[in-house]
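Chain by chain, the residues run as shown.
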Amino acid sequence: MTTKTELNLTLKNLKELYAKEAELKQAISNQEAVIKEYLTDNNIESITLDNGTATWKAVFSKALDMKAFRQSYENIYQLFAVEKVTRRFKVA
């Protein structure tokens, strides 16, 4: 059984890891921005370099606008609507 002391230490470590994760995400975003800017400025979608290939291109897809569908066809929406349960973990 885990004690409150162990949980406190785990929570402290988790918060530190979240902080490091945020820093890493920002560093990744900054590096991606450099490559994206180069590709955009040179009007190219992909570049192959010594360390790999980077691609920055538009991807088109279609999705059903559920809000508009529900407003227009409430009765049909209710026939196919399913309830789902999710769990959310949050650390503050």
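Here, every reference points to the structure presented above.
Residues numbered from 1 in each chain as written. Predicted model: local features only at pLDDT ≥ 70, side-chain atom pairs only at ≥ 80, totals over all residues. Heavy atoms only, no water.

Chemist: Looking at this structure, how should I read the pairing of strand β1 (residues 46-49)?
Modeler: The side chains of a regular strand alternate between both faces of the sheet. Alignment of β1 against strand β2 (residues 52-55), held across four bridges, turns out to be antiparallel. The residue of β2 that forms the bridge with I47 is A54. (Pairing = 2+ DSSP bridges. Helix = DSSP H or I, 4+ residues; strand = E, 2+ residues; numbered from the N terminus.)

Chemist: Help me understand the pattern of salt bridges in this model?
Modeler: Any two side chains of opposite charge can pair, on the condition that their charged atoms come close. Counting across every chain of the model gives four salt bridges. Salt-bridge contacts for K36 lead to E32; the nearest nitrogen and oxygen are separated by 4.0 Å. Here the residue K36 and the residue E32 both occupy positions in helix α1 (residues 4-41), the gap between them amounting to four residues, near one helical turn. Classification of E32 as partly exposed rests on a relative accessible area of 39%. A salt bridge links E74 to R70; the shortest N-O distance between them is 3.4 Å. Judged by relative accessible area, which is 34%, E74 ranks as partly exposed. (Salt bridge = Lys/Arg side-chain N within 4 Å of Asp/Glu carboxyl O. Buried < 20%, exposed > 50% of the residue type's maximum accessible area, 1.4 Å probe, protein only.)

Chemist: Is there a simple way to explain the packing of aromatic side chains in this structure?
Modeler: Working definition: an aromatic ring pair is given by the centre-to-centre distance plus the angle between the planes. Applying the stated rule across the entire model yields one aromatic pair. Ring plane angle 40° and centroid distance 5.4 Å describe the contact between F69 and Y73, whose orientation is recorded as tilted. Owing to a relative accessible area of 44%, Y73 belongs among the partly exposed residues under this scheme. (Phe/Tyr/Trp six-rings, centres within 6.5 Å; stacked < 30°, edge-to-face > 60°.)

Chemist: Is there a simple way to explain a nonpolar patch on the surface in this structure?
Modeler: On the surface, a nonpolar cluster with roughly 470 Å² of combined accessible area is contributed by Y73, I76, L79 and F80. You can see L79 is positioned in helix α3 (residues 74-80). With a relative accessible area of 67%, L79 lands in the exposed category. (Patch = residues over 30% accessible without salt bridge, like charges linked within 9 Å, V, L, I, M, F, W, Y side chains within 5 Å. Areas by Shrake-Rupley, 256 points an atom, 1.4 Å probe, with all protein chains shown as cover.)

Chemist: Whenever I open this one, unusual backbone geometry confuses me. Can you help?
Modeler: As a rule of thumb, non-glycine residues mostly have phi less than zero, and peptide bonds are mostly trans rather than cis. With a phi close to 55°, N43 is a non-glycine residue in the positive phi region. Structurally, N43 can be placed in the loop between α1 and β1. On the accessibility criterion, N43 (71% relative accessible area) is exposed.

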